[in-house]
Amino acid sequence: MTQRQIQILYRTCWTIALLIAAIPFVFPFVWMVSAGFKSVTEIFGAPTLIPRVWRWQNFVEVFTYQPFARQYFNSLYIAIVVTALTLAISSLAGYALARMRFAGAGLLMLFLISALMVPEEVTIIPNFFLMRWFGLVDTHWPLILLPTFGPHGVMATFLMRQYFLALPKELEEAGKMDGLSRFGVWWKIALPMARPALAAVSIITFLFSWNLFLEPLIFLSSLDMFTLPLALSNFNDSYGLPLWNLQLAATSLAVVPILIVYLIAQRQIIESFALSGVKG
Amino acid sequence: MADTVHNSIRTGQKTWLTLKMREMMEAWLFVSPTFIGFLIFFLGPLCAVVYYSMTEWNLLSQQATFVGLANFQNALLENPDFWLVVRNSVVFAIGLVPLNMALALALALALSRPFFGVVFFRTVFFAPVITSAIAWAIVWKFLLQGEGGFINQVLALVGITGPNWLREPNWAMAAVIVTRVFKMVGLNMILYIAALQAIPRDYEEAARLEGASRRQIFSMITWPLLAPTTLVIMVITTIGSFKVFDHIYQMTGGGPENGTLVLAFYIYQQGFKFFNVGYASALAMIMFVMIMALTLVQVMLRRKGSE
């Protein structure tokens, strides 16, 4: 065999190995969608990848069993609000920490770093009482406030700070010469230049809020207020056993749109996570 | 800077001071939403949880009584559940962290250089990361059903009778670990790929010219240069494994026979199912200390390594 043939053989073996390794990552999605169309008996009968009988009514029953459309909307609007708030707050604080000199900055940084190390599970009990005292249990406020101001928001602040640190100073100086206030410099010069960091924070924050589970579980009790992950785990019959086919149909409806967005913007999404992971 | 100096020359010392004051006020205005949120939703609750942990407080009894360290004594010395939970959490971490990191590194090494299909594979291995843990756990729970579950049906085709995965304590723990690795490994893979791509190609080429084998290049060049990334990944993954909650909640609910009852789930159970606020807060404090200790140990190891 020539050198080139060995190379090709080697590559082929590698690709086959990777394809096998990919099975547990891809197959659950394929099976989920397929089973979402099946009857319960077919799910637990002899394995089929393409349903013998397509039960489209599963996807109708998902919406009649509980207010699924409402729950879908809840997840969507909460994720959008959390993302917008996090962007505003983290880019303001990140800018000040990177670009402005002020007394207490060092201490503030130390505080924020310590917040990064403490998971929200530790503070969830007092936060529950705090929200109850505010009268916000079974509202969406805790799901907006806690992710925005919790460890996740702090991480967003650091990400913004790192990015602002690397921006060239000259443009800012020019802006100040032109008579812009600090706020003006932030809004008109720094933010437009920080677009990649803003995109990364948006993507990560949106997904974080969309997939949040502990907080909805603790704070929400009425079906109309549920968010998607909570709704998904709620497809049970009166004995507490899962309604298998409905649950899988609902899970498909919740996951597939995100997967489609991911396929379109996969490069951007993966890069955002790489950026935040290394810096966080 | 230039304009402040300019102004101070023009208008004198007094204005220069007020300018500095103004800059400081503006800065605090910028950080105030973050800072106030931090005080209300983090520092306040953290102080509260320290206090709660020293009270005997069942939500139903309304009144919290101060009991000092009795909750910690109860957890560490009296309640056998606690050590079971700690054991489970440690088993989970010991199972998950090395498996996750080894697989992540292997995938990153395979996917760090461009070749036909590389984007496809990166996309595939990363997809579970953006999927909600609940959705992922729901699907795997069905695949792993004892009777009629897909995996056991496939095993039956080759004549193996699979166990009832999620109903037998040891298999259940293995199942949650492995499915969790599939869920999270993509993130570590991406971090490793980013680190690998930051290594200058010249190092490797120089070594190859010197006649180094692939294995030597990896152990003498790549692996040492990856050390900082490896440490960061180790910290993130270990902390993540001690926090695992939604995955366990959906797949096993802590069962069977408390075989997958881990710390975060136990805190939730004590606090929000049984309303033992004092005890749950003590558990939260223990979790806090464990995570701080882990982080500090790993940071110290890093400092030692870089000396």
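Residues numbered from 1 in each chain as written. Chains lettered and ligands numbered in written order. Predicted model: local features only at pLDDT ≥ 70, side-chain atom pairs only at ≥ 80, totals over all residues. Heavy atoms only, no water.

With an unreviewed UniProt entry as reference, chain B is termed Sugar ABC transporter permease, source organism Rhizobium leguminosarum. In its Sequence similarities (unreviewed entry) section, UniProt records this for chain B: "Belongs to the binding-protein-dependent transport system permease family." Looking at the Subcellular location (unreviewed entry) heading of the UniProt record, one finds this comment for chain B: "Cell membrane". (UniProt positions renumbered as here; feature names shortened; annotations may be inferred.)

Looking up chain A in an unreviewed UniProt entry gives the name Carbohydrate ABC transporter permease, with the organism given as Rhizobium leguminosarum. Taken verbatim from the UniProt record of chain A, the Subcellular location (unreviewed entry) comment is "Cell membrane". Reading the Sequence similarities (unreviewed entry) entry of the UniProt record for chain A gives the comment "Belongs to the binding-protein-dependent transport system permease family."

**Q** Before we move on, can you summarise the UniProt feature "domain: ABC transmembrane type-1" (unreviewed entry) in chain B with the specific residues and values?
**A** Mapped onto this structure's residue numbering, the UniProt feature "domain: ABC transmembrane type-1" (unreviewed entry) falls at residues 86–298 of chain B. Annotation note: span residues 86–298 of chain B, helix share 77%, strand share 0%, distance between end C-alpha atoms 20 Å. (Helix = DSSP H or I, 4+ residues; strand = E, 2+ residues; numbered from the N terminus.)

**Q** Give a detailed account of the domain arrangement of chain A, specifying residues and quantitative values.
**A** Residues and elements named next belong to chain A. Under the domain assignment, chain A is made up of domain 1 (3–44) and domain 2 (67–277). On a C-alpha basis, the centroid separation for the pair domain 1 and domain 2 is 33 Å. In total, domain 1 and domain 2 occlude about 780 Å² of area from one another, counting both sides; carbon and sulfur atoms represent 83% of this. Linking domain 1 to domain 2 there are 0 salt bridges. The tally of links between domain 1 and domain 2 comes to 1 residue pair in polar contact (both at pLDDT 80 or more). Of all the secondary structure elements, the ones that give two or more residues to the side of domain 1 that touches domain 2 are helix 1 (3–36) and helix 2 (40–43). Sorting elements by how many residues they give to the side of domain 1 that touches domain 2 places helix 1 first, with 6 residues. Counted by class, the side of domain 1 that touches domain 2 contains 8 nonpolar, 2 polar and 1 charged residues. (Domains from an automatic or database assignment. Buried area = accessible area lost by both parts, 1.4 Å probe. Salt bridge = Lys/Arg side-chain N within 4 Å of Asp/Glu carboxyl O. Polar contact = N/O pair within 3.5 Å; in protein donor to acceptor, adjacent residues only side chain to side chain. Nonpolar A, V, L, I, M, F, W, Y, C, P; charged D, E, K, R; others polar.)

**Q** Outline the UniProt feature "transmembrane region" (unreviewed entry) in chain A, supporting the account with residue identities and numerical values.
**A** Residue and element names in this part refer to chain A. The feature "transmembrane region" (unreviewed entry), as given by UniProt, occupies residues 12–31, 76–95, 102–119, 139–159, 197–223 and 243–265 in the numbering adopted here. With 100% helix and 0% strand, the stretch residues 12–31 has end C-alpha atoms that lie 27 Å from each other. Segment residues 102–119 splits into 72% helix and 0% strand. End C-alpha atoms: 29 Å apart.

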